[in-house]
Amino acid sequence: MSGNITVTLGLSAVNSSNTTRTRVELSVIVSIISMTVGILSNSLALFILVKAYRRFKLKSKASFLLFATGLVVTDFLGHLINGSIVLHVYCLHKEWERFDPQKVLCGFFGASMVFFGLCPLLLGSVMAVERCVGVTMPIFHSTKVTSRHMKKLLAVIWLSAMLVALLPILAGKPYEVQKSGSWCFFKMGKSDWLDVFFPMLFSVLGLLSLAVSILCNTVTGVTLIRSKMKNQGHRKGTSHHFEMICQLLAIMLVSCICWGPFLVNVIIGSTQTQDDRSYERMLLAVRMATWNQILDPWVYILLRKAVLKKLFLITKECCGHKVISIYKWNCSSIKGSMKDSSISSRPDFSVSSSVRKSTPNTVTHCSAPCT
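Computed from a predicted model, the values in this text were never measured in an experiment. Chains are numbered independently. Their residues run from 1 in the order of the written sequence. Local features in this predicted model are restricted to residues whose pLDDT is 70 or higher, and side-chain atom pairs enter the listing and the counts only when it is 80 or higher, whereas totals over whole chains, interfaces and linings include all residues. Where side-chain values are given, they derive from all heavy atoms of the structure, hydrogens and water being excluded.

A few words now on the packing of aromatic side chains. Two rings from Phe, Tyr or Trp (for Trp, the six-membered ring) form a pair when their centres sit within 6.5 Å of each other. Planes less than 30 degrees apart are called stacked, planes more than 60 degrees apart edge-to-face, and all others tilted. For the structure shown, the criterion picks out 13 aromatic pairs. When the centroid spacing of 6.3 Å and the interplanar angle of 80° are considered together, the rings of Phe202 and Phe262 count as edge-to-face. Taken together, the positions of Phe202 in helix H7 (residues 193-230) and Phe262 in helix H8 (residues 238-271) put the pair 60 residues apart, joining distant regions of the chain. Note on Phe262: relative accessible area 2%, which makes it buried. Among the aromatic residues, those joined into a ring-pair cluster are Tyr175, Trp183, Phe185, Phe186, Phe202, Trp259 and Phe262. Put simply, DSSP marks the helices as runs of H or I at least four residues long and the strands as runs of E at least two long, and each gets a number from the N terminus on. Partly exposed residues are those whose accessible area sits between 20% and 50% of the maximum for their type, while under 20% is buried and over 50% is exposed, using a 1.4 Å probe and protein chains only.

Bringing the confidence of the model for the protein chain into the picture now. Per-residue confidence from the predictor is given as pLDDT, running between 0 and 100. Per-chain confidence: the protein chain averages 77 in pLDDT, with 74% of residues scoring 70 or above. Should any heavy atoms of two residues lie within 4.5 Å, those residues are counted as being in contact. A low-confidence stretch, residues 1-16 (pLDDT under 50), is modelled with zero contacts involving residues beyond four sequence positions or located in other chains. Considering only residues more than four positions removed or in separate chains, one finds that residues 321-371, a stretch of pLDDT under 50, has 17 contacts.

Interaxial angles span 0 to 180 degrees and are taken between N-to-C directions of axes, which are lines fitted to C-alpha atoms, for helices over the stretch in contact. Relative to each other, helix H9 (residues 276-290) and helix H10 (residues 292-302) sit at 25°, their axes nearing to 5 Å. Between H9 and H10, the angle falls in the class roughly parallel. Within the contact between the two elements, H9 uses Met288, Ala289 and Thr290 and H10 uses Asn292, Gln293 and Ile294. Roughly parallel refers to an angle under 35 degrees, roughly antiparallel to one over 145, roughly perpendicular to one between 65 and 115, and oblique to any angle outside these ranges.

This brings us to the environment of Asp296. Within the secondary structure, Asp296 sits in helix H10. With relative accessibility at 1%, the residue Asp296 sits in the buried group. In this structure, the C-alpha to C-alpha distance between Asp296 and Gln247, residues 49 residues apart in sequence, is 9.4 Å. Residues contacting Asp296, with those up to four places away along its chain left out, are Leu71, Asp75, Ile251 and Val254.

Nine residue types can take part in a nonpolar core, namely buried Ala, Val, Leu, Ile, Met, Phe, Trp, Tyr and Cys, and a core is a set of them joined through side-chain atoms within 4.5 Å. Ranked by size, the top nonpolar core spans 66 residues in total, and within it Met127, Trp183, Phe185, Phe202 and Phe262 carry the most contacts. Broken down by element, the residue count for this core peaks at 15 residues, all from helix H4 (residues 104-136). Discounting chain neighbours no more than four positions away, the residues touching Phe202 are Val114, Leu118, Phe185, Phe186, Trp259, Phe262 and Leu263.

This brings us to H4. Each helix should span, by expectation, one fewer than its residue count multiplied by 1.5 Å. Taking 1.5 Å per residue as the helical rise, H4 with its 33 residues ought to reach 48 Å, and the 48 Å between its terminal C-alpha atoms agrees with that figure. Of all 33 residues that make up H4, 28 are buried, and the element is covered over most of its length.

Quick look at helix H6 (residues 147-170) now. Taking 1.5 Å of rise per residue, the 24 residues of H6 would be expected to cover 34 Å, and the 34 Å separating its terminal C-alpha atoms lies within 8% of that figure. When H6 is considered as a whole, its buried residues turn out to be Met150, Leu154, Ile157, Ala161, Val164, Ala165 and Pro168. Within two residues after H6, Gly172 carries a phi angle of roughly 75°, on the positive side.

With that settled, the discussion passes to the state of the cysteines. Note that a disulfide, as used here, is simply two cysteine sulfur atoms within 2.5 Å. All chains considered together, the criterion is met by one disulfide. Across the disulfide from Cys106 sits Cys184; the S-S distance is 2.3 Å. Between Cys106 and Cys184, the disulfide has an S-S torsion of -125° and is therefore left-handed. Of this pair, Cys106 sits in helix H4 while Cys184 sits in strand E2 (residues 184-185), and the two are 78 residues apart along the sequence. You can see Cys256 has no disulfide; the closest cysteine sulfur is in Cys258, sitting 9.7 Å from it. Residue classification places Cys256 among the partly exposed residues on the basis of a relative accessible area of 27%.

A few words now on a nonpolar patch on the surface. The patches described consist of residues with a relative accessible area above 30% and no salt bridge, like charges being joined within 9 Å and nonpolar side chains (Val, Leu, Ile, Met, Phe, Trp, Tyr) within 5 Å. Exposure was quantified through the Shrake-Rupley algorithm and a 1.4 Å probe, taking into account, for residues, occlusion by the shown protein chains and nothing else. By salt bridge we mean one thing: a side-chain nitrogen of Lys or Arg within 4 Å of a carboxyl oxygen of Asp or Glu. On the surface, a cluster of nonpolar side chains totalling about 580 Å² of accessible area is made up of Leu159, Met162, Leu163, Leu166, Ile169 and Leu170. With a relative accessible area of 36%, Leu166 lands in the partly exposed category.

Under the counting rule described, the total for this entry stands at three salt bridges. In this structure, Glu95 engages Arg98 in a salt bridge whose closest nitrogen and oxygen atoms are separated by 2.7 Å. Between Arg131 and Glu130 there is a salt bridge whose closest N-O contact spans 3.0 Å. The same class applies to Arg131 as to Glu130, namely buried.

Printed below as a string of structure tokens:
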């Protein structure tokens, strides 16, 4: 009986060890794929944005492209640095006490997580504000918003995110290894007010950035739609405005889906005692947040004017070419008939001219104008 129990326990331990090893291997494979796809995507988007920034001479779009380039560079470095640390941790079997006894790597890893997490949110909100000012106050934007000011603002955003990332280290509250052992972050759970303040500061800044993006993009979209309907103002650069607002809306949607759950979980985790389920939710949320850096560059790769125009032409040829051709033919025929009828009603119209032009005997009249 005791021998059976020993064999059963041994088999359970072997099965548990195999399951743990399989999970670790799967996590390593997922990390490698995520890192590779993120680096390639951001490299392609960076090439497209730098090329557009050099060639595009329109001042309003140049400012937008500058911030977009800064966002893609930040995402690229985030994938490269954080992904390399994660692979290093997995290669050393997550034994932090052995390879990082002084917690130097953990502090750098935690600060990188905060910096590369907060920067895209802040840049997205500033891009939304810049587009809102450019659409609602074009004269102020063209005279006051210069390239030099935008570069200074970009540097201020990076420095602000870096300051927030370094605050726990400067205050003597270093980052700590999370329960999964694969990443470092703020110390979660109520212990003192600083341990609550730092994650709350990170989450509140992120949520405020998302709220500002939603508000400014809504104002910009409504202004563009009203301008298009009234056919007043912004007619020269309307297509560029719509291209940029489509990109901003996509960035905002991706950020809300990817970062929203993580920011909310950080607020909950900083004010409540953590259990196993809380750590699992946090790990799932941080994995969702990493997809923001993968999806951001595809917004600039896919939502470009040239790509959208080609998609529209393909859709028109596949679905609406025949209907549009019939509509145009009918409208041109009706317009020609109405023109002939107006010519025939003039006093200088002669019968010989009508014969030479071979006008039809019947004239088709349209009850509604065609455009």
